[in-house]
Amino acid sequence: MRGDSEHMVRLDGAGRRYGMRGPWVLRGVRLDVRAGTLVRVVGPNGTGKSTLLRLLARIDAPSEGRVTGRPRTAYVPERFPAALPFTAAGYLTHMGRVHGLTGGTAARRAEEWLARFGAAGHAATPMSELSKGSSQKVAVAQALLADPELLVLDEAWTGLDTEARAVLDRAVAERTTGGAAVVFVDHDPRRLAGHADTTYAITGSSVNRLEGDGSSAGAAGALADGSAVVIDVRGPRGAAPPVLPEAVVRAGGTVRSGAGGVDGVFRLAVAAVHSDLVLRELLTARPPWHVVAVNQGSRGGGVPDARRGDLAAIQAEPVGDAKAEAAVENDDENEDVRR
Amino acid sequence: MTALLRYQSALLLRSQRWLAPAVLYAAFLAVGVQSGQPVLDSLAYAAAALLPVAAWLVRICVTNEPPAARGCTAAAAGPRRAHLACLLTALLAVTLLGVAAVAVVAGISDAASTDHRTAVARGPAAGAGLLAMLVSALLGTAVGALTTWPLLRSPGRAVPALLLAAVLALVTAGSPARAALTELIDGSRDGVVPVPLGAVAGAVAAAALAVAVSCGVCSRRG
């Protein structure tokens, strides 16, 4: 994993115009993308957001000024064409190889990412026959399959269905927690609200840095909008509280001890996009944490108390012997009632 | 680079846009080359025809990938390497075409000088033909690289420029292609198989320069 202060890409007085005498789209841009951060770019339509992203992805060179840093980069364009003479899996395998994977790994990752986006059934479909939404899934999978160090997303969510958007949100959280940098543009201001470490606003041809999210929501916004997931975990007797990854904490993730008045149980409240990776860390820790309960927070109520039986809750079964017995007894009681 | 070449070759092959230049080239050979003609003359004719085909294939390879997909490839591999892969794919494809043409032409032609009196060894003649093909392929690639994206973007200007440049590369004094063809035709007249290595060196230099210029500006012009 890279250090937090490491520069991925840096623009130094960079400007770009199309043609020798064209007007400047961007000028005097100072911008610095650090490892492990999420960067949002905002601005009205036609102000050069895409131009800025293409500079950062190093697809285009600046007309003046400098770009430094060349991380392994993946880019998702605004509109991805279907006019390629490959099947979805075929194109992804080619792109995986271009990203530096071996053929076998590329094919496997292609399959995995298509499945993750719910497009596994389209693996053998020619690209020219894909719907706009499926085509966009291929574009996004192309960028994610090689675990890039810098991920540049130009309205990548547009055209995706709701489920695929959520998958992309989580994939972005995984990349930043894993030490990669993600730069994105999206027309929806709620997209990853509260997660961005830095926001750059384009006004005219200049780019201004805003701290954090750039909105009033702040760091806790990610949790306050009701997208929190509350996880209760129990460790060995006297265990120190679990340590959340930095990106999770920056997005407002918290740890409290003595959840529900029970000693040794810690209650973690994390943004929904981070829930999978926090659970993965908890379960793969040495020694692993025992997950007592996982609950989805209620809308608008900040961080709620975990309520068992919540419709949206995913309840983890207790694994301890005593609890397993208790569960069996419960079942017996239920049977009695039914009789 | 292997991955890029593989991707670009698959793209060229599956797009079937290679068919038109390949079929036209075959037709051109069918019209101009007949069995029993002097081998070096026929090889010179086949090599000359390959130059515009090479330029055309470069144009096809460079414009084959939709711009958005090109953005993805350029971000992953770097725009210069991605563009270089397009040009190399075209060069490889046209070289294959040239090798096939030499095999056919050397096989069916008469192994003799223009007046059919002096014998010309078929093997060395085919070798000279391969070098002439290489010269045409390299110069054609140079012409193609300089007359398509990113240097010339509107097809209205690019296509006439490509045709004009291809003709000029064949007839202008001092051009390696013209030098190689002249050596072949003179060799056929005298019954001596030439080795046009000087022309190959000139063509390599010209192609390297053109490719460097094209790759150099590809990230500057959107």
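Calculation rules
The residue numbering used here restarts from 1 in each chain and proceeds along that chain's sequence as written. As a convention, the first chain written is A and the first ligand written is 1, with the rest following in written order. Restriction of local features to residues with pLDDT of at least 70 applies here, the model being predicted, together with a cutoff of 80 or more for giving and counting side-chain atom pairs; totals for whole chains, interfaces and linings are based on all residues. Under the DSSP-based scheme used, a helix requires at least four consecutive residues in state H or I and a strand at least two consecutive residues in state E, with every element numbered from the N terminus. Here the C-beta atoms are placed from the backbone, and a residue counts as buried if at least 20 other C-beta atoms lie within 10 Å of its own, exposed if 12 or fewer do, and partly exposed otherwise. We call two residues in contact when their backbone-placed C-beta atoms lie within 7 Å. Amino acid classes used here: Ala, Val, Leu, Ile, Met, Phe, Trp, Tyr, Cys and Pro are nonpolar; Asp, Glu, Lys and Arg are charged; the rest, including Gly, are polar. For the purposes of this description, domain bounds are those given by an automatic or database domain assignment. Confidence scores labelled pLDDT are given residue by residue by the predictor and lie between 0 and 100. When DSSP locates at least two bridges between a pair of strands, those strands are taken to pair. Multiplying one less than the number of residues by 1.5 Å gives the expected span of a helix.

1. As for the overall build of chain B
Looking only at helices and strands, chain B features nine helices and zero strands. Written out in order from the N terminus, the α and β elements of chain B read α-α-α-α-α-α-α-α-α. The C-alpha extent of chain B, read off along each of the three principal axes, is 60 × 35 × 30 Å. Relative to its 222 residues, chain B shows a buried fraction of 54%. Contacts in chain B between residues at least 24 apart in sequence constitute 81% of all its contacts with a sequence separation of at least 6.

2. A closer look at the interface of chain B and chain A
Of the residues lining the interface, 23 residues belong to chain B; the matching set on chain A comes to 24 residues. Of all the secondary-structure elements, those providing two or more residues to the side of chain B that touches chain A are α1 (2-15) and α4 (67-77) of chain B. Per-element accounting of the side of chain B that touches chain A gives the leading share, nine residues, to α4 of chain B. Its residues assigned to classes, the side of chain B that touches chain A shows 14 nonpolar, six polar and three charged.

3. Overview of the domain arrangement of chain A
Residue and element names in this part refer to chain A. Domain parsing of chain A yields domain 1 (7-211) and domain 2 (223-326). Residue-level contacts link eleven residues of domain 1 with twelve residues of domain 2. Considering only residue class, the side of domain 1 that touches domain 2 consists of two nonpolar, five polar and four charged.

4. Let's talk about the confidence of the model for chain A
Note that predicted coordinates carrying low pLDDT should not be read in detail. Residue and element names in this part refer to chain A. Mean pLDDT over chain A stands at 82; residues scoring 70 or higher make up 81%. The model gives residues 216-220 a pLDDT under 50, and that stretch makes 13 contacts with residues more than four places away or in other chains. Predicted confidence for residues 299-339 stays below pLDDT 50, and this span has 38 contacts to residues more than four positions away or in other chains.

5. Quick look at the pairing of strand β5 (residues 73-76) of chain A
As a general feature of sheets, a regular strand has side chains that alternate between the two faces. Residues and elements named next belong to chain A. Neither face of β5 is left uncovered, since the one carrying Thr73 and Tyr75 and the one carrying Ala74 and Val76 both have all their residues buried. Pairing geometry for β5 and strand β6 (residues 150-154), over four bridges, is parallel. For Val76, the partnering residue across the bridge sits in β6 and is Leu153.

6. Observations regarding α1 of chain B
For an α-helix, 3.6 residues make a turn, and residues three or four places apart therefore share a direction. Between its first and last C-alpha, α1 of chain B extends 20 Å over 14 residues, near the 20 Å set by a 1.5 Å rise per residue. Structurally, α1 of chain B contributes buried residues whose contacts are with α2 (88-98) of chain A together with α3 (39-63), α4 and α5 (79-108) of chain B. Looking one or two residues beyond α1 of chain B, the residue adopting positive phi is Gln16 of chain B, at roughly 65°.

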